[in-house]
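Summary of structural features
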Amino acid sequence: MKHLLKLMDLSKEEICSILNMADQLKYEKKHGIEHKRLAGKTLGMIFQKSSTRTRVSFEVGMYDLGGSALFLSAHDLQIGRGEPIEDTARVLSRYLDGIMIRTYSQEEVEKLAEYGSIPVINGLTDYCHPCQVLADLMTIREYKGAIRGNKLTYIGDGNNMANSLIVGGIKLGMKVSVACPEGYRPDAEIMKWAAENGEFQCTENILEAAADADVLYTDVWASMGQEAEAAERQKVFAEYQINDRVMACAKRDAIVQHCLPAHRGEEISAEVFEAHAAEIFDEAENRLHVQKAVLVKCLTS
Ligand code: CP
Ligand code: NVA
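This report concerns the structure included in the present document. Predicted, not measured: the structure shown is a model, and the values here were computed from it. (Residues numbered from 1 in each chain as written. Chains lettered and ligands numbered in written order. Predicted model: local features only at pLDDT ≥ 70, side-chain atom pairs only at ≥ 80, totals over all residues. Heavy atoms only, no water.)

**Points about the overall build of the protein chain**
The cut-off we apply is this: In this text, helices come from DSSP runs of H or I with a minimum length of four residues, and strands from runs of E with a minimum of two, each type numbered from the N-terminal end. The reference for a compact globule is 2.2 Å times residues^0.38; the radius of gyration itself is calculated from the C-alpha atoms. Working definition: with a 1.4 Å probe on protein chains only, accessible area under 20% of the residue-type maximum means buried, over 50% means exposed, and in between means partly exposed.
What the protein chain contains, in helices and strands, is twelve helices and nine strands. Its C-alpha radius of gyration of 19 Å places the protein chain within 12% of the 19 Å reference for a compact globule of 301 residues. Overall, the C-alpha framework of the protein chain stretches about 55 × 45 × 35 Å when taken along its three principal axes. Expressed as a percentage of its 301 residues, the buried residues of the protein chain come to 57%.

**Examining the environment of Leu124**
Short version of the rule: In what follows, residue pairs with any heavy atoms lying within 4.5 Å of each other are defined as contacts.
Mapped onto the elements of the fold, Leu124 is located in the loop between strand E4 (120-122) and helix H5 (130-144). With relative accessibility at 7%, the residue Leu124 sits in the buried group. For the pair Leu124 and Gln106, spaced 18 residues apart in the sequence, the C-alpha separation amounts to 8.6 Å. Residues contacting Leu124, with those up to four places away along its chain left out, are Lys49, Ile101, Arg102, Thr103, His129, Asn160 and Met224.

**Some details on the nonpolar core**
The condition that has to hold: Throughout, nonpolar core names a set of buried Ala, Val, Leu, Ile, Met, Phe, Trp, Tyr and Cys residues whose side chains join them through atoms within 4.5 Å.
Leu19, Ile121, Leu134, Ile166 and Leu295 are the most contacted members of the largest nonpolar core, which totals 56 residues. Core analysis: the second largest hydrophobic core is formed by 23 residues, Ala213, Tyr240, Ala254 and Ala262 among them.

**Describing the site of ligand 2**
The condition is simple: For this purpose, a residue is taken to be near a molecule or strand whenever a single non-hydrogen atom of the residue falls within 4 Å of it. In protein, a polar contact means a hydrogen-donor-capable atom and an acceptor-capable atom, both N or O and within 3.5 Å, with residues adjacent in sequence counting only if both atoms are side-chain atoms; elsewhere, any N or O pair within 3.5 Å suffices. Residue classes follow a fixed rule: Ala, Val, Leu, Ile, Met, Phe, Trp, Tyr, Cys and Pro count as nonpolar, while Asp, Glu, Lys and Arg count as charged, and any other residue, Gly among them, counts as polar.
As a structural note, the neighbourhood of ligand 2 is formed by Leu124, His129, Asn159, Asn160, Asp219, Val220, Ser223, Met224 and Leu260. Contacts to ligand 2 include Ser223, whose side-chain N or O atom sits 2.7 Å from a nitrogen atom. At a separation of 2.8 Å, an oxygen atom of ligand 2 approaches a polar backbone atom of Met224. Each residue belonging to the shell around ligand 2 can be placed in one class, and the counts come to four nonpolar, four polar and one charged.

**A few points about the pattern of salt bridges**
Short version of the rule: A carboxyl oxygen of Asp or Glu within 4 Å of a side-chain nitrogen of Lys or Arg is what we treat as a salt bridge.
Following the criterion strictly, the structure yields 19 salt bridges and no others. Between Asp23 and Arg141 there is a salt bridge whose closest N-O contact spans 2.8 Å. Here Asp23, found in helix H1 (residues 12-30), pairs with Arg141, found in helix H5; they are 118 residues apart in sequence, far enough to count as distant. Look at Asp23 and you get partly exposed, because its relative accessible area is 30%. Salt-bridge contacts for Lys26 lead to Glu142; the nearest nitrogen and oxygen are separated by 2.8 Å. Linking Lys26 in helix H1 with Glu142 in helix H5, this pair joins segments that are 116 residues apart in sequence. The exposure class assigned to Lys26 is buried, which follows from its relative accessible area of 14%. Through salt bridges with shared partners, a single ionic network connects Lys6, Asp9 and Glu110.

**Points about the site of ligand 1**
Heads up, the rule is: Here the open area of atoms and residues is found with the Shrake-Rupley method and a 1.4 Å probe, where only the protein chains shown may cover a residue.
Residues in close proximity to ligand 1 include Ser51, Thr52, Arg53, Thr54, Arg102, His129, Gln132, Cys259, Leu260 and Arg287, which together make up its full environment. His129 places a polar side-chain atom, nitrogen or oxygen, 2.8 Å from an oxygen atom of ligand 1. With respect to ligand 1, the side chain of Gln132 contributes an N or O atom lying 2.9 Å from a nitrogen atom. Coverage of ligand 1 by the protein chains reaches 96% of its 250 Å² of free accessible surface. Residues of the shell around ligand 1, tallied by class, amount to two nonpolar, five polar and three charged.

**Quick word on the pairing of strand E3 (residues 98-102)**
Rules: By the convention used here, strands pair only if DSSP detects at least 2 bridges between them. By convention, a crossover is right-handed whenever its connection, traced from the first strand over the helix to the second and viewed with the strands pointing away, goes clockwise.
Most of E3 is tucked away, with five of its five residues classed as buried. Of the two faces of E3, the one carrying Gly98, Met100 and Arg102 and the one carrying Ile99 and Ile101 are both buried. Strand direction decides the pairing type here: strand E1 (residues 42-47) and E3, joined by five bridges, are parallel. Looking at the pairing, Ile46 lines up with Ile101 of E3. Pairing analysis gives three bridges linking E3 to E4, with the strands arranged parallel. The residue of E4 that forms the bridge with Ile101 is Asn122. Considered for its hand, the β-α-β crossover made up of E3, helix H4 (residues 106-115) and E4 is right-handed.

**Re the sheet that holds E3**
Let me state the cut-off plainly: Between N-to-C directions, angles span 0 to 180 degrees; the directions come from axes that are lines fitted to C-alpha atoms, helices contributing only their stretch in contact.
Strand order in the open sheet made by the four strands is E2-E1-E3-E4, with parallel pairing throughout. Strand pairing shows two members of the sheet lacking a second neighbour, strand E2 (68-73) and E4, which therefore form its edges. Ignoring strand direction, the axes of neighbouring strands in this sheet form an average angle of 20 degrees.

**Brief notes about the sheet that holds strand E5 (residues 151-155)**
Strand pairing in a sheet takes place through backbone hydrogen bonds and is either antiparallel or parallel in direction. One open sheet holds the five strands; their spatial order is E7-E6-E5-E8-E9, and the pairing between them is parallel. A single partner strand is all that each edge strand has here, and the edge strands are strand E7 (200-203) and strand E9 (255-258). This sheet shows a mean twist of 20 degrees between the axes of neighbouring strands, independent of strand direction. Where E5 and strand E8 (residues 215-218) come together, four bridges link them in parallel fashion. Bridge assignment links Leu152 to a residue of E8, and that residue is Val215.

Below you can see the structure in the form of structure tokens.
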């Protein structure tokens, strides 16, 4: 695997292979087994947006694998002063073994891969968040024993998380149901693809979406970069919350997932969040194991 730009680029087999390696790396870490598969390699991490999980898990992941990681804030790089991504790609390719980038435009990530000569990993764009969904799939498999056949319900904004969850869920044989208000639906092409390639539903009825769900998922109403729309979004999404009423529609053993950060009392009630904290923080932990698997796959291919 050369890059991880979006899940749509990966086959089901490639996704499963990443999850299997993540399980192996998690086992090795828990048992104190050294796994310096990337000794001597350096990852550059470009951030145009804030991050806790992505930054720390990639950085610790590189150290665990015997390599090193550089945090590159876009505010300090010349990108922030207008240096083209095409030039940045060609320069960084002379110093580094791989780049992880978190930015706004998906096109920028694709250009970085096109002009550079080293692997590029997407650490979130406005369009998608593939690393997060790989960790989510890993967590679902841990809790449910399998992924195929389980129903995944996403409630909230049809954002980067929704787009990647639909692609990842459908590719691995889940039934995917999303509840989003009109005007805030996931990417139209992704929804069309999902309907043609699996069991997919998009509705405005959150209870209908949650019916018999095995996994309930939500994300913030206003993503990074949408701060100016926050007040308007509070009104639009007021009903789009995972709470006890929604949980009552799901299967009794349903798990709850949230990519974090979470806004209690908005997209998820404080009660549901705390009742399902074990699953949510396992999911956050799995970012580390999955990221390491992605790094090994990309940087050693
Ligand atoms: N879930 C996630 O990507 O978290 P960060 O924004 O903290 O990286
Ligand atoms: N949709 C959120 C995800 C954060 C991990 C955002 O883009 O801010």
